[in-house]
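For reference, the chains in residue letters:
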Amino acid sequence: LQGNYIGTDAAGSADLGNTASGIYIASAAATTIDGNLISGNGAQVIIEGTAEIITFQGNIVGTDPSGTIDLSNGRGVELDSDVTNCDIQIGGLLPGEGNLIAFNTSGIMGWWVGGDHRIYGNTIRDNSSGGIVLYMPNVEAYGNDIHDNGSQGIYLATGATGAVSVPISAARERREHVDDGPGTT
């Protein structure tokens, strides 16, 4: 999926959103979602099911092409608990690979997803709840610009046995790693 305006007019400045998800990936093979504007939808980008490799890079989620108009979705990007044995990368460290995720309920939400996952080089800002909210192990977040969210910059939890809240006071987050152990980072 590349170069689409999903939920907006052709200019990307007016909300014509879908009542459900902008993008919904269920049990897909290797999928790349790159260079799309995904805004104004009733829900968000949802990745669930037994997927293989999902790459989500260079997208604008919840705003217009300039990044200034609030065209929020529900959550920005949600990794659902039904994902198993999957490799998901949201953003990247090379120029143009990071996503802009703004004005949503939360930026990125993850629910007990199996596999190894990376959240790199994204700008996650102005979301009414948290920037990155994770209830899952095996996630590495690095080089993200996380600021001006309504709650924590990053909230890490490892299930019902414990949770770790990591408030971010600076505009740039530090390298954080989620481990399988309860309450560890």
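To start, this report covers the structure provided alongside it. Residue numbering note: each chain is counted from 1, following its sequence as written. Per-residue local features of the predicted model are confined to residues with pLDDT of at least 70, and side-chain atom pairs are confined, for both listing and counting, to 80 or more; whole-chain, interface and lining totals are unaffected and use all residues. Side-chain descriptors were evaluated using all non-hydrogen atoms of the structure, hydrogens and water having been removed beforehand.

**A few points about the nonpolar core**
Spelled out, the test is: Side-chain atoms within 4.5 Å link the members of a nonpolar core, which is a set of buried Ala, Val, Leu, Ile, Met, Phe, Trp, Tyr and Cys residues. Buried means the residue's accessible area, taken with a 1.4 Å probe over protein chains only, is under 20% of the maximum for its type, while exposed means over 50%, and partly exposed covers the values in between. Secondary structure elements are taken from DSSP: a helix is a run of H or I of four residues or more, a strand is a run of E of two residues or more, and numbering for both begins at the N terminus.
Counting residues in each nonpolar core, the largest one holds 28 residues, and the members touching the most others are F56, V77, I90, I119 and I132. Secondary-structure elements contributing two or more residues to this core are β2 (23–26), β5 (45–48), β6 (53–57), β8 (77–79), β9 (86–91), β14 (132–135), β15 (139–142) and β17 (154–157). Per element, the largest residue contribution to this core is 3 residues, and it comes from β9.

**A short note on the pairing of β5**
Basically, it comes down to this: The pairing criterion is simple: DSSP has to find at least two bridges between the two strands.
The side-chain alternation of β5 yields two buried faces, one formed by V45 and I47 and the other by I46 and E48. With 4 bridges joining them, β2 and β5 adopt parallel strand pairing. Of the residues in β5, the one forming a bridge with A26 is E48. Where β5 lies against β8, 3 bridges are found, and the strand directions are parallel. Counterpart to I47 in the pairing with β8 is L79.

All quantities given are derived from atomic positions and should not be read as evidence of function.
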